[in-house]
Amino acid sequence: MCWSATADLVAGGVITAVGAVTVAGAARRPRDLPMAALPVLLGLHQMIEAVVWHRDGGGGPATVAWAVIALPLLPLWLPAAVLCAAPPRARRRLLVPLAAGVATAAALAHALATGTVTAEIRGHTVGYSLRLPQAGLVVAGYFLATIGSLLLSGDRGLVLLGVLVSIGAAVTFALWRQEYVSTWCACAALCSVVLLLWVRRRRSSVV
């Protein structure tokens, strides 16, 4: 797959539209709304990256906005959203990825506030750079918060999303190690459309 400003813009628009339908479908289950809104967030994230492409990378507002969503926001949003939607029996164990998400988001927010994030166009991908102390520990916390919360959710649809995102993480890391953050976020955005089916299944169980 080749990424470009056009690809990010089109994919982001489609994913955001799917997300809007997903949010509308979850209206009767307020606890599902944070999870249902994930495709909207990730779709907008891809459209922001289209602006990064047009700016030829650098460290402008679009790069910072992209990094804020990808770094501190997602590891906080996702485990909190999963905790809201998960069955009661799973909520206690989900406090672990939520705690990891809070700590990881705090570390990444501090890194963004005290450092400079830059983007570099590298062929058909974008590489983002940010000096990050204890990078290995932060990355482990990030994965525990995001993928871990999905796999521990106790819900078939969310576990499926976790499996898909895990596979995407492995593939993108193997193919684009230096551009991993960008390519994995794009993969996660595409995978998030399965939440439309998740919401429809949840809605049918209420009726």
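Residues numbered from 1 in each chain as written. Predicted model: local features only at pLDDT ≥ 70, side-chain atom pairs only at ≥ 80, totals over all residues. Heavy atoms only, no water.

Points about the overall build of the protein chain
Scanning the protein chain from N- to C-terminus turns up ten helices and two strands. For 207 residues, the compact-globule formula gives about 17 Å, and the C-alpha radius of gyration of the protein chain, at 16 Å, lands near that figure. Here the protein chain holds 207 residues, and the buried ones make up 46% of them. A gap of 18 Å separates the mean positions of the 16 positive and 7 negative side-chain charges of the protein chain. (Helix = DSSP H or I, 4+ residues; strand = E, 2+ residues; numbered from the N terminus. Rg over C-alpha atoms; globule rule 2.2 N^0.38 Å. Buried < 20%, exposed > 50% of the residue type's maximum accessible area, 1.4 Å probe, protein only. Lys, Arg positive; Asp, Glu negative; His and termini not counted. Charge placed at Lys NZ, Arg CZ, Asp CG, Glu CD.)

Here we look at the environment of Pro39
Relative to the elements of secondary structure, Pro39 occurs in helix H3 (residues 38–54). For Pro39, a relative accessible area of 0% corresponds to the buried category. Sequence-wise, Pro39 and Leu196 are 157 residues apart; in three dimensions their C-alpha atoms are separated by 9.0 Å. With sequence-adjacent residues up to four places away left out, Pro39 is seen in contact with Ile15, Thr16, Gly19, Ser192 and Leu195. (Contact = heavy atoms within 4.5 Å.)

Overview of the packing of aromatic side chains
Per the counting criterion, the structure on display carries four aromatic pairs. On the numbers, 6.4 Å between centres and 90° between planes, the contact of Tyr142 with Phe143 is edge-to-face. The exposure class assigned to Tyr142 is buried, which follows from its relative accessible area of 9%. Site record: aromatic cluster; members linked through ring pairs are Tyr142, Phe143 and Trp184. (Phe/Tyr/Trp six-rings, centres within 6.5 Å; stacked < 30°, edge-to-face > 60°.)

With respect to the side chain of Asp8
Within the element layout of this structure, Asp8 appears in helix H1 (residues 5–25). Look at Asp8: it is buried, it has no salt bridge, and the nearest opposite charge is Arg55 at 14 Å. (Salt bridge = Lys/Arg side-chain N within 4 Å of Asp/Glu carboxyl O.)

Quick notes on the pairing of strand E2 (residues 125–129)
In terms of residue burial, E2 counts as a mostly covered element, since four of its five residues are buried. One ladder, built from five bridges, connects strand E1 (residues 118–122) with E2; its direction is antiparallel. For Glu120, the partnering residue across the bridge sits in E2 and is Gly127. Linking two consecutive strands that pair antiparallel, namely E1 and E2, is a turn of two residues; a positive phi of about 65° is found at Gly123 within it. (Pairing = 2+ DSSP bridges.)

Observations regarding H3
Here H3 is 17 residues long and its end C-alpha atoms lie 25 Å apart, about the 24 Å a rise of 1.5 Å per residue gives. Within H3 the residues assigned to the buried category are Leu38, Pro39, Leu41, Leu42, Gly43, His45, Gln46, Glu49, Ala50, Val52 and Trp53. Asp56 sits one or two positions beyond H3 and adopts a positive phi of about 55°. (Expected span 1.5 Å × (residues − 1).)

Re unusual backbone geometry
If you check the backbone angles, Asp56 has positive phi at about 55° while not being a glycine. Summarising the element assignment, Asp56 is placed in the loop between H3 and helix H4 (61–85).

Quick notes on the packing of H4 against helix H6 (residues 95–114)
Interhelical geometry of H4 versus H6 gives an angle of 165° and a closest axis separation of 9 Å. If you check the angle between H4 and H6, you find them roughly antiparallel. With respect to the hand of their crossing, H4 and H6 are arranged in left-handed fashion. Contacts between H4 and H6 involve Ala67, Val68, Leu71, Pro72, Pro75, Leu76, Pro79, Ala80 and Leu83 from the former and Leu95, Pro97, Leu98, Gly101, Val102, Thr104, Ala105, Leu108, Ala109 and Leu112 from the latter. Here the residues of the contact of H4 with H6 sort into 17 nonpolar, two polar and no charged. (Axes fitted to C-alpha atoms, helices over the stretch in contact; angles between N-to-C directions. Parallel < 35°, antiparallel > 145°, perpendicular 65-115°, else oblique. Left-handed = near helix turned anticlockwise from the far one by under 90°. Nonpolar A, V, L, I, M, F, W, Y, C, P; charged D, E, K, R; others polar.)

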